[in-house]
Amino acid sequence: MTNHKPAREPIWLPIAISVAIVLGLLIGNRIAPDKYITDNDRKINAILTLINRDYVDSTNLNDLVEMSIPKILNYLDPHTVYMSPEEFKASTENKNGLTSDVGIQCEVINDSTTIIEVMPGGPGAKMGVLAGDRIVTIDDSTAVGETITKASVMKRLRGPKGSKVKLGVKRPGNGKMLTFIITRGTIPMNAVDAHYMLDKNTGYLKVNQFSRNTYKEFMSAMTSLQDEGAKRFVIDLRGNGGGFMEIAVRMVNEFLPANKLIVRTHGRYKRDDSEAWSDGTGKFQNVEVAVLIDEFSASASEIFAGALQDNDRGLIIGRRSYGKALVQKEFVLPDSSAIRLTVARYYTPSGRCIQKDYKRGYIEEYANELADRYRHGEMDYSDSIKIDKNQKFTTANGRTVYGGGGIVPDIFVPRDTSGVTGYYNEVYNAGLLQQFALDYSSNNQESLSKMSDYKQFLRMTPSDEELIDMFVDYAADNGVTPRWYYINLSRDLILTNIKAMIARDIFGGEAYYPILNRNDQTVQQALKALNKHKAVFPITENLKLSSVIHHEQGLLAEIKRRWLI
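All of the points below concern the structure found in this document. Note that the structure is predicted; figures quoted are calculated from it, not measured.

## Topic: the sheet that holds strand β11 (residues 202-207)
The strands making up a sheet associate through hydrogen bonds between their backbones, and the pairing can be parallel or antiparallel.
So, point 1. One open sheet holds the six strands; their spatial order is β10-β11-β12-β15-β16-β21, and the pairing between them is mixed. Looking at the sheet topology across the chains shown, the edges are occupied by β10 (192-197) and β21 (411-412).
So, point 2. Bridge analysis of β10 against β11 gives five bridges, and the strand direction is antiparallel. Of the residues in β11, the one forming a bridge with V192 is V207.
So, point 3. Helix α9 (residues 300-310) rests against β12 (232-236), β15 (288-293) and β16 (315-318) of the sheet, and its axis sits at about 135 degrees to β15.
So, point 4. Most of the contacts of helix α20 (residues 521-531) go to β15, to which it runs at about 155 degrees, and overall it touches β11, β12, β15, β16 and β21.

Written out as structure tokens, the structure reads:
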């Protein structure tokens, strides 16, 4: 067994924890007055009074609290988080669909700033920044160390629209420091990145988050595809980290007949228990559906996938999902900061809790769990998928599913490594594919702006030979030596990415995914499965007594809007 050695804490941390606890209790009483005052509270207040009155040095309690609260919450679970007033404001803007910065979200883990999300189509994404990158410097000043906080990092990343910020980044698997100069901009946060017809019968939707606007955008896209002739659908939730539970419930309801359980939550107190059942009003109860997931599909994405899987209503394709089944409630504090506190766990219709293991206080282990999957070969071989066989459940029609550690897909699709060579990794890790596409779009803006859509762009783009030569010369100018044996092996992969990125710069996500998905193995597997009608499951008519009783009480339970997952 590995011996875990906790990270060394600053000497003032016990003081700060005491301060945070007392302020938290006072704030808690303002939020929801209860009889929480105990002898221990009075003792802590007495100690703080002594420190404030007699301690040898003056102490800025506000700074201590801001630096200490995240450390305290880390000892609860990995998803209970504190947001400073600045962070909470930015988060609210993001959920409302518009924000202005470089388009990345990060967390400070063990004194290191790690990017956890890159907004599709945002300035950071266009320059090649990736989730998992570690920010080492911002404008040549350090972004690591004991004094670094998420609030201070995000403040340095934000700035006036059109201004630039220079990031020094370390990328896993790459020993060199990468430099990105990003122009800050306004980021429209569309929830549905793209929707289009894969073939004459199949509609495709890429959903990137479960925000306030997702249900409305989703229904609009689904209806539009039906009008184009779609009789079946591929819903792509890969990379979707979640959002509001209520939105996921409403979307699932569109696919289920009446009296089907969608999700159940259970907390410490009865007030946090809930159930959501389908009400039979869904518009898409009779269509075939395949849902694409991967290791970055989390929380609300897992509720959506798990509800369809457990009700035998859809086919889940891809790789094992993230494994987040903790439900947060958002508490806004008097100074406009906020805490997202875990108040419940959710369970899929079969009774599964798909939360992956975590140890209190070891957030770094939890953060590295995905990297462990790669090391253990899970991304390449289905027999390497971690399954807890002690958590065995059955779907509505008797299929076996497992709890713990995410949603295991019905059809496993390994990561596609065809065309991935040392040369490709070097240009990809350096962000040169994205930068070349951005430069090409900028240099050819006049001619490209006259094109009506991405199909015309593909017809009028330079030949593949010319485009690959242009890129290789560009990469060489940026320090990557041409190695033609490997370039030829990676040729199709490089060209597909470049064309998709250029099209995205011109036409947006609606042009990016149709090009990228032509060679996407998970999308192709979904089409094959749908062609063989593998996504058709008989829905049992033998309703449980509890379902009937619940029907009389109202089917679609209200999930509080402040719940985040």
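## Let's talk about the side chain of T496
So, point 1. You can see T496 is positioned in helix α18 (residues 491-507).
So, point 2. Under the relative-accessibility criterion, T496 is labelled buried at 14%.
So, point 3. With residues up to four places along the chain from it excluded, the contact list for T496 reads I515, L516 and N519.

## Quick word on the pairing of strand β8 (residues 177-183)
So, point 1. Residues L178, F180 and I182 of β8 are buried on one face, while the alternating residues M177, T179, I181 and T183, pointing to the opposite face, are not.
So, point 2. Across seven bridges, strand β7 (residues 164-170) lies against β8 in antiparallel orientation. Residue pairing in the sheet places V169 in a bridge with L178 of β8.

## Quick notes on unusual backbone geometry
So, point 1. The phi torsion at N259 lies on the positive side, around 75 degrees, for a residue other than glycine.
So, point 2. Within the secondary structure, N259 is located in the loop between α8 (245-253) and β13 (261-267).
So, point 3. The residue S336 is not glycine, and still its phi comes out positive at about 75 degrees.
So, point 4. Relative to the helices and strands, S336 resides in the loop between β17 (326-332) and β18 (338-347).

## Points about the nonpolar core
Across soluble globular proteins, you tend to see nonpolar side chains buried next to one another.
So, point 1. Within the largest apolar cluster, 48 residues are counted, with the highest numbers of intra-cluster contacts made by F218, I235, F255, V291 and F304.
So, point 2. Discounting residues that sit within four places of it in the chain, I235 has contacts with L205, V207, F218, F255, V289, A290, V291, L292 and F304.
So, point 3. If you look at the next biggest cluster of nonpolar residues, it comprises 47 residues, including Y424, V427, M451 and Y474.

## With respect to the packing of aromatic side chains
The geometry of an aromatic ring pair is captured by two quantities: the separation of the ring centres and the angle between the planes.
So, point 1. With the rule as written, the count across this model stands at 13 aromatic pairs.
So, point 2. Residues F436 and F471 carry aromatic rings whose centres are separated by 5.5 Å and whose planes lie at 85 degrees to one another, so their mutual orientation is edge-to-face. Here F436 is found in helix α13 (residues 432-443), whereas its partner F471 is found in helix α16 (residues 464-477), with 35 residues between them in sequence. Like F471, F436 is buried.
So, point 3. Considering the side-chain rings of F436 and Y474, the 5.4 Å spacing of their centres and the 70 degrees angle between planes classify their relative orientation as edge-to-face. Of this pair, F436 sits in helix α13 while Y474 sits in helix α16, placing them 38 residues apart in sequence.
So, point 4. Its relative accessible area of 18% is what places Y474 among the buried residues.
So, point 5. Clustering of aromatic rings is evident, with ring pairs tying together F218, F233, F255, F284 and F304.
So, point 6. Its end group placed over the ring of Y215, R250 keeps NZ or CZ at 4.0 Å from the ring centre.

## Quick look at the packing of α8 against α9
So, point 1. Viewed as axis vectors pointing N to C, α8 and α9 meet at an angle of 25 degrees, and their least axial separation amounts to 9 Å. Relative to α9, α8 is oriented roughly parallel. As α8 packs across α9, the resulting crossing turns out to be right-handed. Between α8 and α9, the residues in contact are M245, A248, M251 and V252 and A300, I303, F304, A307 and L308, respectively.
So, point 2. Looking at the contact of α8 with α9 residue by residue, the classes come out as nine nonpolar, no polar and no charged.

## Topic: helix α7 (residues 214-227)
Helical geometry note: an α-helix holds 3.6 residues per turn, so side chains three or four residues apart project in the same direction.
So, point 1. Between its terminal C-alpha atoms α7 stretches 20 Å, which fits the 20 Å expected from 14 residues at 1.5 Å a residue.
So, point 2. What α7 keeps buried is the set T214, Y215, F218, M219, A221, M222 and L225. Across the axial projection of α7, the buried residues extend over an arc of 165 degrees, all falling on one side. Within α7, the exposed residues directed more than 90 degrees away from the buried face are K216 and D227.
So, point 3. A positive phi of about 110 degrees marks G229, the residue just after α7.

## What to know about helix α6 (residues 150-157)
So, point 1. Regarding α6, the residues found buried are K150, V153, M154 and L157. Taken down its axis, α6 places every buried residue within 95 degrees of arc, on the same side.

## Quick notes on the packing of α16 against α18
So, point 1. For the pair α16 and α18, the least separation of the axes is 10 Å and the interaxial angle reads 85 degrees. Comparing their axes, α18 and α16 come out roughly perpendicular. For the pair α16 and α18, the contacting residues are D464, E465, L467, I468 and F471 in the first and R491, I494, L495, I498 and K499 in the second.
So, point 2. Across the contact of α16 with α18, the residue classes tally to six nonpolar, no polar and four charged.

Analysis parameters
Residues numbered from 1 in each chain as written. Predicted model: local features only at pLDDT ≥ 70, side-chain atom pairs only at ≥ 80, totals over all residues. Heavy atoms only, no water. Pairing = 2+ DSSP bridges. Helix = DSSP H or I, 4+ residues; strand = E, 2+ residues; numbered from the N terminus. Contact = heavy atoms within 4.5 Å. Axes fitted to C-alpha atoms, helices over the stretch in contact; angles between N-to-C directions. Buried < 20%, exposed > 50% of the residue type's maximum accessible area, 1.4 Å probe, protein only. Core = buried A, V, L, I, M, F, W, Y, C linked by side-chain atoms within 4.5 Å. Phe/Tyr/Trp six-rings, centres within 6.5 Å; stacked < 30°, edge-to-face > 60°. Lys NZ or Arg CZ within 6 Å of the ring centre and 35° of its normal. Parallel < 35°, antiparallel > 145°, perpendicular 65-115°, else oblique. Left-handed = near helix turned anticlockwise from the far one by under 90°. Nonpolar A, V, L, I, M, F, W, Y, C, P; charged D, E, K, R; others polar. Expected span 1.5 Å × (residues − 1). Arc of directions from axis to C-beta.

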